[in-house]
Amino acid sequence: MRLAHLADIHIGHRQYGLDKREDDMIATLRHTLGEIGDSDVDAVLLPGDLFHSRDLRPKNLDRVEDALRECVPDDVRVLVSRGNHDENLSPRDVTWLSYLHRRGHIVLLEADLGGDTAAGFDPFDPDEPGEHAEFVDLPDADVGGPVRVFGLQWRGARTADALERVAREIRATNDKHGEPAYTALLGHFGMEDEVPALGGTITHTDLREVREVVDYLALGHIHKRYEAAGWIHNPGSPEAHDTQEGRDDWEHGYYLVELEPDTNADGPGALAHDPTHHASKRRAYHPIEFDVTPYDSPGNLEAAFHEHVREERDAIETRCERDVHTGRGGSRRPPLVDLRFTGTLQFSRSDLRTGELSARTKEACEALHVQTTVGVRTADVEALLAELEDDGAFVDGRLDTSVLERQVFETIATESEYGDRADDVADVLERAHAMAQDGENPTDVADTVSERRRELFPEMADDVTIDVPEDPLTDETDDARDTAATDDGANETTVSDATTTAGLGEFASPDGGDAE
């Protein structure tokens, strides 16, 4: 028997506000399902975040249905559990996952965690599918029992307790329905011991009871591939969803898992597994970092910057030529560029024209989008930090960081193009900083900044429009769209960098993806 395991598709993620990135998510799903469908699998395991949001645009639901219908053979079941993006902890009565379940496109697996005793889970009945199923048995004629698949929906901080309950319920299920030859569990959470910097909440100790009844833990949630203890596998999202995820040391893709009879199998079942990771087709990210410190005038800085970008072009082209980043027939796909300005600026901040530099970068690199981050300090800010006195910034001999932050925000605002409203702009920066510290959604932070910008600078508040033709990797309409785009000359965006969409011309907008 052969299983496929992928996760974190995030259909509907319109990264950087680009229609093209929304198309990328669908294109990558279709291409990945196409490869899986050609690999003679018996089932597809998808532990969470098929969708980027529970509020889904109709066209994306339609495209998911098309992909599942056209790219997955009829006799292959797609087994899905719920992730944090698919639904929050207060689920609606009917979700898009339950809709796809009722339509027969997927089998939605959820654990019934109510009640006080372990009564066991009920099997999936294709004649009466309901809103979800609790487990599925995949028959295997070569061994004495089925391959049994369970799913645990996203539980957030309650995941450890839920896992303990699931282990008890799996035992009761096996007592009630017979022992399987092999057991897989879908889960949407991170492993603290494996990816400590990414907010994992579960340890190997939390999984001790689960390991006694589960052979393969199919994880999602963390967008980076990792494996642990021979039975825990996380494939990494097929697409990169922010600049960190686009780095070379983040692997993305899916597993093909071969199951073979083995009396010496490490897990509780009678089958041994052999997972093989396959890289997924995705758009390339390329980082460009530029230190502003050595340059004493805008002219010198800009000349050096343009030379630096020219030197990066060969590396960008090498990256774009990798098979995982090319389009149909090996065609070049315009990359995403992560442009970062660092160091100490030796002249006025308002003279650092990041919008123009980003636009030149986009043109020189033939990029789809340039995500610009300005992490520079001016010499005045450096002096502020070095010469801070006891004028209210210290309380009982300790630094009041809020006072320091306010002074820094006022200095930045004064030197920006918004200097004539420095106090108001400092208020906006302070509010955005507080929202970020409170862990509020990046989209809400960006909306707050944009709304305030429109109030303060109505003359700069024109709507941002982005006109990029759709170009999925494998859609049958690809060639027609490409021809139309070439004929119309509509291959340029009207926004050159993320600093414009953020609403504050000198500061980057959020990626739009969660820090997972």
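Report follows, based on the coordinates. It should be emphasised that the depicted structure is a prediction, and the values quoted were computed from it without experimental measurement. (Residues numbered from 1 in each chain as written. Predicted model: local features only at pLDDT ≥ 70, side-chain atom pairs only at ≥ 80, totals over all residues. Heavy atoms only, no water.)

Spatial ordering of the open sheet is given by S13-S14-S15, a layout of 3 strands whose pairing is parallel. Strand pairing shows two members of the sheet lacking a second neighbour, strand S13 (285-291) and strand S15 (369-378), which therefore form its edges. Taking the axes of each pair of neighbouring strands and ignoring which way they run, one obtains an average angle of 10 degrees across the sheet. Strand direction decides the pairing type here: S13 and strand S14 (residues 336-345), joined by 7 bridges, are parallel. Bridged to Glu-289 within S14 is Arg-340. Running at roughly 155 degrees to S13, helix H6 (residues 298-320) makes contact with S13 and S14 of the sheet. Packed onto the sheet, helix H7 (residues 354-365) meets S13, S14 and S15 and runs at close to 140 degrees relative to S14. (Pairing = 2+ DSSP bridges. Helix = DSSP H or I, 4+ residues; strand = E, 2+ residues; numbered from the N terminus. Axes fitted to C-alpha atoms, helices over the stretch in contact; angles between N-to-C directions. Contact = heavy atoms within 4.5 Å.)

The next point concerns the pairing of S14. In the case of a regular strand, side chains alternate between the two sheet surfaces. In terms of burial, S14 is a largely internal element, 7 of the 10 residues being buried. A crossover links S13 with its parallel partner S14, the connecting element being H6, and its sense is right-handed. Sheet topology places S14 next to S15; 10 bridges connect them, and they run parallel. Considered in S15, the bridge of Gly-343 is made with Val-376. As for the winding sense of the linkage, the β-α-β connection from S14 through H7 to S15 is right-handed. (Buried < 20%, exposed > 50% of the residue type's maximum accessible area, 1.4 Å probe, protein only. Right-handed = clockwise from strand over helix to strand, strands pointing away.)

Counting residues in each nonpolar core, the largest one holds 30 residues, and the members touching the most others are Ile-11, Val-44, Leu-50, Phe-51, Val-64, Leu-100 and Ile-106. When near neighbours in sequence (up to four residues on either side) are disregarded, Ile-11 contacts Met-25, Ile-26, Leu-29, Leu-50, Phe-51, His-52, Leu-56, Asn-60 and Val-64. Phe-135, Ala-162, Ile-170 and Leu-219 belong to the second-largest nonpolar core, a separate cluster that totals 26 residues. (Core = buried A, V, L, I, M, F, W, Y, C linked by side-chain atoms within 4.5 Å.)

A few words on the packing of aromatic side chains. Counted under the stated rule, the structure contains 7 aromatic pairs. With centroids separated by 6.4 Å and ring planes inclined at 80 degrees, the aromatic side chains of Phe-290 and Phe-341 adopt a geometry described as edge-to-face. Of the two residues, Phe-290 sits in strand S13 while Phe-341 sits in strand S14, which places them 51 residues apart along the sequence. With respect to class, Phe-290 is no different from Phe-341; both count as buried. (Phe/Tyr/Trp six-rings, centres within 6.5 Å; stacked < 30°, edge-to-face > 60°.)

What the rule picks out here adds up to 31 salt bridges. Among the salt bridges present, the one from Arg-30 reaches Glu-70, with a minimum N-O distance of 2.8 Å. One end of the pair, Arg-30, is in helix H1 (residues 19-37); the other, Glu-70, is in helix H2 (residues 58-71), with 40 residues separating them in the sequence. Residue classification places Arg-30 among the buried residues on the basis of a relative accessible area of 11%. The class of Glu-70 is partly exposed, set by a relative accessible area of 48%. (Salt bridge = Lys/Arg side-chain N within 4 Å of Asp/Glu carboxyl O.)

Right, let's get into the environment of Leu-345. By the element assignment, Leu-345 lies in strand S14. Spatially, the C-alpha atom of Leu-345 lies 6.5 Å from that of Val-376, the residues being 31 residues apart in sequence. Ignoring any residue separated from it by four or fewer positions in sequence, one finds Leu-345 in contact with Val-292, Leu-301, Leu-352, Arg-377, Thr-378 and Ala-379.

Turning next to the environment of Leu-271. Tracing the sequence through the fold places Leu-271 in strand S12 (residues 271-279). When near neighbours in sequence (up to four residues on either side) are disregarded, Leu-271 contacts Asp-140, Val-143, Val-147, Ala-181, Tyr-182, Leu-259, Glu-260, Pro-261, Asp-262 and Ala-265.

With that out of the way, let us pick up the sheet that holds strand S9 (residues 226-228). Spatially, S5-S6-S7-S8-S10-S9 is the arrangement adopted by the 6 strands of the open sheet, whose pairing is mixed. Whereas interior strands pair on both sides, the edge strands pair on one side only; in this sheet they are strand S5 (135-138) and S9. Neighbouring strand axes in the sheet, compared pairwise and without regard to direction, differ in orientation by 20 degrees on average. The sheet contact formed by strand S7 (residues 182-188) and strand S8 (residues 216-220) spans 5 bridges and is parallel.

Here helix H4 (residues 159-177) contains 19 residues, and its C-alpha end-to-end distance of 26 Å stays within 8% of the 27 Å for a straight helix at 1.5 Å per residue. For H4, the full list of buried residues reads Thr-159, Ala-162, Leu-163, Arg-165, Val-166, Ala-167, Glu-169, Ile-170, Ala-172, Thr-173 and Asn-174. The inward-facing, buried residues of H4 contact S5, strand S6 (147-151), S7 and helix H5 (208-211). Downstream of H4 by a residue or two, Gly-178 has a phi angle that is positive, lying close to 95 degrees. (Expected span 1.5 Å × (residues − 1).)

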